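If you want the building blocks of each chain, they are given just below.
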Amino acid sequence: MKSILSALLTGLVFGLGLGLAGMMNPTKVQGFLDLNGHWDPSLAFVMGGAVVVTFVVFPLIIRRSRPLLAKEFSLPSSTDLDRPLILGAVLFGIGWAISGLCPGPALANLSSLNPGVFGFVFSMFVGFWLHRQVVQVRKKQSHSGS
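Residues numbered from 1 in each chain as written. Predicted model: local features only at pLDDT ≥ 70, side-chain atom pairs only at ≥ 80, totals over all residues. Heavy atoms only, no water.

**Looking at the packing of aromatic side chains**
Inference 1: Applying the stated criterion to the full structure yields three aromatic pairs.
Inference 2: A centroid spacing of 6.3 Å and a plane angle of 35° characterise the contact between F92 and W96, whose relative ring orientation is tilted. Within this pair, F92 and its partner W96 are both found in helix 4 (residues 83-99), separated by four residues, close to a single helical turn.
Inference 3: Residue F92 is classed as partly exposed on the basis of its relative accessible area, which comes to 43%.
Inference 4: Consider the rings of F125 and F128, whose centres lie 5.3 Å apart with planes at 85°: the pair is edge-to-face. You can see F125 and its partner F128 sitting in helix 6 (residues 115-144), three residues apart, about one turn around the helix. (Phe/Tyr/Trp six-rings, centres within 6.5 Å; stacked < 30°, edge-to-face > 60°. Helix = DSSP H or I, 4+ residues; strand = E, 2+ residues; numbered from the N terminus. Buried < 20%, exposed > 50% of the residue type's maximum accessible area, 1.4 Å probe, protein only.)

**A word on the pattern of salt bridges**
As a working rule, side chains carrying opposite charge can pair if their charged atoms are close by.
Inference 1: Going through the model one piece at a time under the given rule, you end up with one salt bridge.
Inference 2: D40 is the salt-bridge partner of K28, the closest N and O atoms lying 3.1 Å from each other. Of this pair, K28 sits in helix 2 (residues 26-33) while D40 sits in the loop between helix 2 and helix 3 (42-62), and the two are 12 residues apart along the sequence.
Inference 3: The class of D40 is partly exposed, set by a relative accessible area of 21%. (Salt bridge = Lys/Arg side-chain N within 4 Å of Asp/Glu carboxyl O.)

**Focus on the packing of helix 2 against helix 4**
Inference 1: Close contact between helix 2 and helix 4 brings their axes to 7 Å; oriented N to C, the two are set at 120°. By the angle between their axes, helix 2 is oblique relative to helix 4. The segment helix 2 lies against helix 4, with P26, V29, Q30 and L33 engaging W96, A97, I98 and S99.
Inference 2: The residue makeup of the contact of helix 2 with helix 4, split by class, is six nonpolar, two polar and no charged. (Axes fitted to C-alpha atoms, helices over the stretch in contact; angles between N-to-C directions. Parallel < 35°, antiparallel > 145°, perpendicular 65-115°, else oblique. Contact = heavy atoms within 4.5 Å. Nonpolar A, V, L, I, M, F, W, Y, C, P; charged D, E, K, R; others polar.)

Following this line, the structure appears as structure tokens:
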């Protein structure tokens, strides 16, 4: 129960922070990404603040023997820059630039009842589902071919 309440509280704080920072406003995000037009650098301060906090706090957290609400840390084991990672990053960036939304702010922005946001979130989940289908087909092909 503690972990569910912690997740809820963390999500609420995250959503509030996104709203206060303007990250849920697609026009503001697109203005930040538009380096050749009317560039809005304000979100660089938001991201810069997040990076600074992460660089200071993350090493302190990792020194602990375990997280506060879990039995062990769940950290990525791979550090490879492979084709799926790079392709995923490129697709994420293109989608972010076109829509002005990324998954976290889009989910938080559902509360605006904006039909465009609902369309984005629906499309995002369709993309998740399609990705899972492609991965499963590739696994089956690689197992049957070995």
